[in-house]
Amino acid sequence: MKKYFVLFFTVLFVALSFNLTAFADDEVFSDEQIEYYKNLGLKGTAVNVYNWGEYISDGTEGTMNVVKEFERLTGAKVNYTNYESNENMYSKLSGGGVSYDVIVPSDYMIGRLIDEDMLVKLNYDNIPNMKYIDERYQHLFFDPNQEYTVCYNVGTTVIIYNTEMVDEKPTSWKILWDEKYKDKVLMFNNSRDAFAIAQAILGQDFNTVDEADWNAAAQLLAEQKDKVQPNYVMDEVFNLMESGEYALATYYAGDYVLMNENNPSLDYCFPEEGVNIFYDAFCIPNCVQNKEGAEAFINFMHEPQVALANAEYIYYATPNSAVVNNEEYSLYDDKTVYPDELPKCQYFENLPQNILELQADLWTGVKSGRLSAESESENRKIYIESAVVAGIAVCFILYKLVANRRKKKIQDLSDLYGK
């Protein structure tokens, strides 16, 4: 699950006069909107959407069921499935044998998908609601020519902590290494976010291409596993933190808001070393089967009514100007959702292949314990013992060679003098 907590958006557009509060089936959309989707010719088709878990308004507690509304207007069937991380989504796509029409990856993963020719270019004529996307969220660093994406949300990582178990508001990621919280830490179960925490502590660039940096970060993560035995989780973090059984968790700031609703004892902080800030965006993978349906779905997600429903359901601030400028949008004045000052942040970018492979290998080593501090110490001990044994063996062989040569030389002299 990834429902991020966006930290900034200022009003750049004039307030738009949309009535965004009605959710009855016959009152949600204007006649013009209804006619537009009816005439797309999508009735009887299927649109396969692959998205983060609980990253869309789904009709619970009186909210808009976005998928059902799209189906109602278009007559299309939406097959909606979830993934937990960018890496899981990438693995599924790269493995082949799947057919998705819409995906919602994060910035660095979008860059990788573009580099590997795994996305198709969008026809923005089929996405007229691009007009609602603030210009600051177009031509972003991962799609500079604005060919492949439509921005959905922005967010950051945070520490979520239980005030019943943690005495003071944390200021550093280092608290996740504190022996005091052994077995009470929940850690990201995806490599990029986990490494970024260690990199922040070490003062590294999150996009470093120095292999020594990645090895150092991996060793720090291994030390954390040894000291506090963190549980590696994604979606599970909600129930685990809401239960009050855990002291600390790493996750996305928007998700904290939802957790706090179910457990008021939870709070959050932005560590002083800095956090990852990121964009999520709608894309179409090259395994698409219904491109027109995909573009219609992306467009629908930025209808003012729909964008508002999503923003208020997932506690994400949105690049959609119709929502940001809507006077009835209550979250805009919430400084938890839209703080006046951003924390120290870094973006993720796509990495070279050799670094991606190194990162994957190191992450496997961290989680398996192969890179644990104890195993490293044990390995060094084994290396030293092996070297000593090898040295003794070499010395013995050299001794035998010298002894044999000496013996042969004595024999030769004995033969020469007839002794």
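What counts as what
Residues numbered from 1 in each chain as written. Predicted model: local features only at pLDDT ≥ 70, side-chain atom pairs only at ≥ 80, totals over all residues. Heavy atoms only, no water. Salt bridge = Lys/Arg side-chain N within 4 Å of Asp/Glu carboxyl O. Buried < 20%, exposed > 50% of the residue type's maximum accessible area, 1.4 Å probe, protein only. Helix = DSSP H or I, 4+ residues; strand = E, 2+ residues; numbered from the N terminus. Axes fitted to C-alpha atoms, helices over the stretch in contact; angles between N-to-C directions. Parallel < 35°, antiparallel > 145°, perpendicular 65-115°, else oblique. Left-handed = near helix turned anticlockwise from the far one by under 90°. Contact = heavy atoms within 4.5 Å. Nonpolar A, V, L, I, M, F, W, Y, C, P; charged D, E, K, R; others polar. Pairing = 2+ DSSP bridges. 1 Å grid on protein atoms, 1.4 Å probe; cavity = no way out; pocket = protein on both sides within 12 Å on 5 of 7 lines; lining within 4 Å. Points joined across faces, edges and corners; volume = space filled by probe spheres on them.

When you look at the pattern of salt bridges in this model, what are you seeing that I'm missing?
Pairs can form between side chains of opposite charge once their charged atoms are near each other. Per the counting criterion, the structure on display carries 9 salt bridges. Aspartate 134 serves as the salt-bridge partner of arginine 136, at 3.2 Å between the closest nitrogen and oxygen. For arginine 136, a relative accessible area of 33% gives the class partly exposed. We classify aspartate 134 as buried; its relative accessible area is 5%. With a shortest N-O distance of 4.0 Å, aspartate 267 and lysine 169 are connected by a salt bridge. Taken together, the positions of aspartate 267 in strand 8 (residues 266–269) and lysine 169 in the loop between strand 4 (150–162) and strand 5 (185–188) put the pair 98 residues apart, joining distant regions of the chain. Of the residues examined, aspartate 267 reaches a relative accessible area of 23% and is grouped as partly exposed.

Help me understand the packing of helix 6 (residues 211–228) against helix 12 (residues 353–368) in this model?
Two measures define how a pair of helices packs: the angle their axes make with one another and the distance between the axes. At a minimum axis distance of 9 Å, the contact between helix 6 and helix 12 shows a crossing angle of 15 degrees. Between helix 6 and helix 12, the interaxial angle falls into the category roughly parallel. Helix 6 and helix 12 meet at a crossing whose hand is right-handed. Contact residues: helix 6 offers Glu211, Trp214, Asn215, Ala218, Leu221, Ala222 and Lys225, while helix 12 offers Asn354, Ile355, Leu358, Gln359, Leu362, Trp363, Val366 and Lys367. Grouping the constituent residues of the contact of helix 6 with helix 12 by class yields 9 nonpolar, 3 polar and 3 charged.

Just to check I follow, could you spell out the pairing of strand 4 for this structure?
Along any regular strand the residues' side chains alternate between the sheet's two faces. Among the 13 residues in strand 4, 13 count as buried, and that is most of the element. Of the strand pairs in this sheet, strand 4 and strand 7 (residues 248–252) are connected by 5 bridges, and their pairing is antiparallel. The residue of strand 7 that forms the bridge with tyrosine 161 is leucine 248.

What is the right way to read the sheet that holds strand 3 (residues 102–103) from this model?
What links the strands of a sheet is backbone hydrogen bonding, and the strands pair in either a parallel or an antiparallel sense. Taken together, the 3 strands give an open sheet; going across it, the order is 2-1-3, and neighbouring strands pair in parallel fashion. Among the strands making up the open sheet, the edge pair consists of strand 2 (77–83) and strand 3. By the bridge criterion, 7 bridges tie strand 1 (residues 46–52) to strand 2 in an arrangement that is parallel. Residue asparagine 48 lies in a different strand from strand 2, and its bridge partner there is asparagine 79. Contacting strand 1 and strand 2, helix 2 (residues 66–74) runs over the sheet at an angle of about 155 degrees to strand 2.

Explain the layout of surface pockets here, please?
Take a probe with the size of a water molecule and roll it over the atoms, and the empty space left behind shows itself. Put simply, the second largest pocket is a space of about 330 Å³. The set of elements that each furnish at least two residues to the lining of the second largest pocket consists of helix 3 (86–94), helix 4 (107–115), helix 5 (191–202) and helix 12. In terms of residue class, the lining of the second largest pocket is made up of 6 nonpolar, 8 polar and 5 charged.

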